[in-house]
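Structural characterization, general
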Amino acid sequence: MTSSERTRAEIHVRGAKKSFSGRTVVDVDELVLGDSAVEGLLGPNGAGKTTLMRMIMHSIPLDEGTVTLHKRDGSTITLSELPPHQMVSNGVVKSTQVVSDFDQLTILDSLLLALATPGDESPIRWKAERELAKKHEEEIRHQLDRFGFGNPNEVAGSAGEKKLLDIVRCLLLKPDVLLLDEPTAGLPDDITQLVMSAVRELALGGTSVVIVEHDLEVIWELCDEVTFMAEGRVLMKSDPETIRNNSLVVEKYLGADHA
Ligand SMILES: Nc1ncnc2c1ncn2[C@@H]1O[C@H](COP(=O)(O)OP(=O)(O)OP(=O)(O)O)[C@@H](O)[C@H]1O
Ligand SMILES: [Mg+2]
């Protein structure tokens, strides 16, 4: 590793503001995400967590400020100037709760579509698809098996299955930065545990994971660091234990009777 290379990619948010109908919902002076393997983003409903993630992905434009990606090779790219469709090819992926493709495509096809890069396009479509499937077959099978998916040639049925399929998509892409917005909401406990171990595995492989969750056990167990947001602002960033016991966090979010 040369001096400019880094172990993990980082997202730097600077002076980032977003208002809706004249009301400021995100106002972040300075935030670095990715300096730990798994970071939690915690805060009450309406704190601006999802909006901040969407600003990072540039799926909504910033009113002010910048978001930059500091890649592992030492190079830097301004995400807030990048078209959203170029995020994946730059290694930045966010889980999406509603993926309409999952309604029309089989489990296998939707994953192949997610993995396809422009270079995989071919005039002979079936040949390109077969090659892509062959290249990723083992990995796809491994990921589907670990979550107990049935036949990959069927369409994902339940909302839970679609949600899980989206997590599998994120895992297969092996991003440098993965943003997860409430990945385990609505999933049963045993599946939540499987998602957590998959996220841990990905982080061990070098991905910087940022996770928003209201299931606090997920945050305390999984995260190396936690950023606490309220009313659009970052109020503190620290280790989970410190956040958990901070009086401001207790007052604004956890409540006095939290475990
Ligand atoms: N497109 C929009 N138009 C108008 N207001 C919006 C829009 N998106 C978000 N907001 C408002 O911005 C504020 C922050 O919303 P956001 O969804 O980012 O919160 P959150 O921290 O993710 O909350 P939750 O924990 O409930 O998911 C809320 O008051 C929300 O109503
Ligand atoms: Mg949200």
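In this text, all values refer to a predicted model and were calculated from it rather than measured experimentally.

What counts and what doesn't
Residues numbered from 1 in each chain as written. Chains lettered and ligands numbered in written order. Predicted model: local features only at pLDDT ≥ 70, side-chain atom pairs only at ≥ 80, totals over all residues. Helix = DSSP H or I, 4+ residues; strand = E, 2+ residues; numbered from the N terminus. Expected span 1.5 Å × (residues − 1). Buried ≥ 20, exposed ≤ 12 C-beta atoms within 10 Å, placed from the backbone. Arc of directions from axis to C-beta. Pairing = 2+ DSSP bridges. Axes fitted to C-alpha atoms, helices over the stretch in contact; angles between N-to-C directions. Near = placed C-beta within 6 Å. Nonpolar A, V, L, I, M, F, W, Y, C, P; charged D, E, K, R; others polar. Contact = placed C-beta atoms within 7 Å.

**Observations concerning helix α6 (residues 189–204)**
Here α6 is 16 residues long and its end C-alpha atoms lie 23 Å apart, about the 22 Å a rise of 1.5 Å per residue gives. Along α6, the residues that are buried comprise Val-195, Met-196, Val-199, Leu-202 and Ala-203. One side of α6 holds all its buried residues, which, seen down the axis, span an arc of 125°. Every exposed residue of α6 that faces more than 90 degrees away from the buried side is listed here: Asp-190, Ser-197, Glu-201 and Leu-204.

**Details of helix α5 (residues 159–173)**
An ideal rise of 1.5 Å per residue puts 21 Å on 15 residues; α5 measures up with 21 Å between its terminal C-alpha atoms. Listed in full, the buried residues belonging to α5 are Lys-162, Lys-163, Leu-164, Leu-165, Asp-166, Ile-167, Val-168, Arg-169, Cys-170 and Leu-171.

**A look at the sheet that holds strand β5 (residues 76–78)**
Taken together, 4 strands build an open sheet; the order of strands is β2-β1-β4-β5 and the sheet is antiparallel. Among the strands making up the open sheet, the edge pair consists of β2 (23–33) and β5. With strand direction ignored, the average angle separating the axes of adjacent strands in the sheet is 20°. As paired strands, strand β1 (residues 10–20) and β2 are joined by 9 bridges and run antiparallel to one another. In the sheet register, Ile-11 faces β2, and the bridge partner there is Leu-33.

**Focus: the site of ligand 1**
Taken together, Phe-20, Val-25, Gly-43, Asn-45, Gly-46, Ala-47, Gly-48, Lys-49, Thr-50 and Thr-51 are the residues near ligand 1. A per-element tally of the shell around ligand 1 places helix α1 (residues 49–56) first, with 3 residues. For the shell around ligand 1, the residue count by class is 3 nonpolar, 6 polar and 1 charged.

**Quick look at the sheet that holds strand β6 (residues 92–94)**
Taken together, the 6 strands give an open sheet; going across it, the order is β6-β7-β8-β3-β9-β10, and neighbouring strands pair in mixed fashion. Looking along the sheet, the strands with just one partner apiece sit at the ends: β6 and β10 (233–238). On average, each strand axis in the sheet is tilted by 15° relative to the strand beside it, whichever way the strands run. Pairing analysis gives 3 bridges linking β6 to strand β7 (residues 177–181), with the strands arranged parallel. Directly across from Val-92, in β7, lies its bridge partner Val-177. In the packing of α1 onto the sheet, contacts are made with β3 (38–42), β6, β7, β8 (208–212) and β9 (225–230), and the angle to β7 comes to roughly 150°.

So far we have only geometry, and geometry alone does not tell us how the molecule works.
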